[in-house]
Amino acid sequence: MDVVVLTKFLAPFLPFLMNVGNKVFDGAVAKAGEDAWDKAKAVWAKLQPKVETKPAALEAAADVAKAPDDEDLRVVLRVQLKKLLEQDEFLAQEIARIMQENAQDNSGDKVVQNVTGENNQTLGSVQGSKVVRDVQGNVTM
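Below or above, wherever it landed, is the structure these notes cover. Small disclaimer: the values here were computed from a predicted structure and weren't measured. Starting from 1, residues in each chain are numbered consecutively following that chain's sequence as written. Per-residue local features are limited, in this predicted model, to residues with pLDDT of at least 70; the limit for side-chain atom pairs, both in listing and counting, is 80 or more; totals at the level of whole chains, interfaces and linings are taken over all residues. The side-chain quantities take in all heavy atoms of the structure and omit both hydrogens and water.

Remarks on the packing of aromatic side chains
Step number 1: Aromatic pairing here means that ring centres of Phe, Tyr or Trp (its six-membered ring) are within 6.5 Å. Orientation follows from the plane angle: under 30 degrees is stacked, over 60 is edge-to-face, and everything else is tilted. This model, assessed by the stated rule, comprises two aromatic pairs.
Step number 2: Residues phenylalanine 9 and phenylalanine 13 carry aromatic rings whose centres are separated by 5.4 Å and whose planes lie at 50 degrees to one another, so their mutual orientation is tilted. Taken individually, phenylalanine 9 and phenylalanine 13 each receive the classification buried, so the pair is uniform in this respect.
Step number 3: Relative to tryptophan 37, the ring of phenylalanine 13 has its centre 6.0 Å away and its plane inclined at 35 degrees; by these criteria the two rings are tilted. Separated by 24 residues along the polypeptide, phenylalanine 13 in the loop between α1 (3-10) and α2 (14-17) and tryptophan 37 in helix α4 (residues 34-53) bring together distant segments of the chain. One exposure class covers both phenylalanine 13 and tryptophan 37, and it is buried.
Step number 4: Linked through ring pairs, Phe9, Phe13 and Trp37 together constitute an aromatic cluster. Per-residue accessibility, obtained with a 1.4 Å probe over protein chains only, is compared with the maximum for each type, and a residue is labelled buried under 20%, exposed over 50%, and partly exposed between these values. A run of DSSP states H or I qualifies as a helix once it reaches four residues; a run of E qualifies as a strand once it reaches two. Both are numbered from the N-terminal end.

Put into structure tokens, the structure is as follows:
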């Protein structure tokens, strides 16, 4: 489980998940879309019981909920989440599974590189963090 990705994904939702803001559902959906909100709720449902047992993790989550764009606070949360996930392999696997669900549908930007000419190198296309190699001809990597 990539804790950096998890923290970056979860941070904007924490104010809503931890009920720091009003209009919980409307605000979260308006910010990121219903699929992302559903995924964030599922991840938080798994994490919350563990976070609440660790005062440092709970404080880090509360701090990020108050200031989700503060990178320093995100780093502290990331460290706490890393500790929790290292201590509970099953939890880490469950969260990784949730994060992978519909990953291609929610992968963000899609970049396609088209190259013409002889002896040129291409990546094919990049979707999220995956490189899809759909290349014809000789390619040196």
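Some details on the environment of proline 68
Step number 1: Following the sequence through the fold, proline 68 ends up in the loop between α5 (55-66) and α6 (71-87).
Step number 2: As a C-alpha pair, proline 68 and leucine 14 span 54 residues in sequence and 7.4 Å in three-dimensional space.
Step number 3: Residues in contact with proline 68, not counting those within four places in the same chain, are Ala11, Pro12, Pro15 and Arg74. Any two residues whose heavy atoms approach within 4.5 Å are treated as being in contact.

Digging into α4
Step number 1: Look at α4: 29 Å from first C-alpha to last across 20 residues, which is about the 28 Å you get at 1.5 Å a residue.
Step number 2: Taken as a whole, α4 carries its principal kink of about 40 degrees at leucine 47; the proline proline 49 stands between one and four residues after it.
Step number 3: Those residues of α4 that fall on the buried side of the exposure criterion are Ala36, Trp37, Lys39, Ala40, Val43, Trp44, Leu47 and Val51. Multiplying 1.5 Å by the helix residue count minus one yields the expected span of that helix. For a residue, the bend is simply the angle between two axes, fitted respectively to the seven-residue segment ending there and the seven-residue segment starting there.

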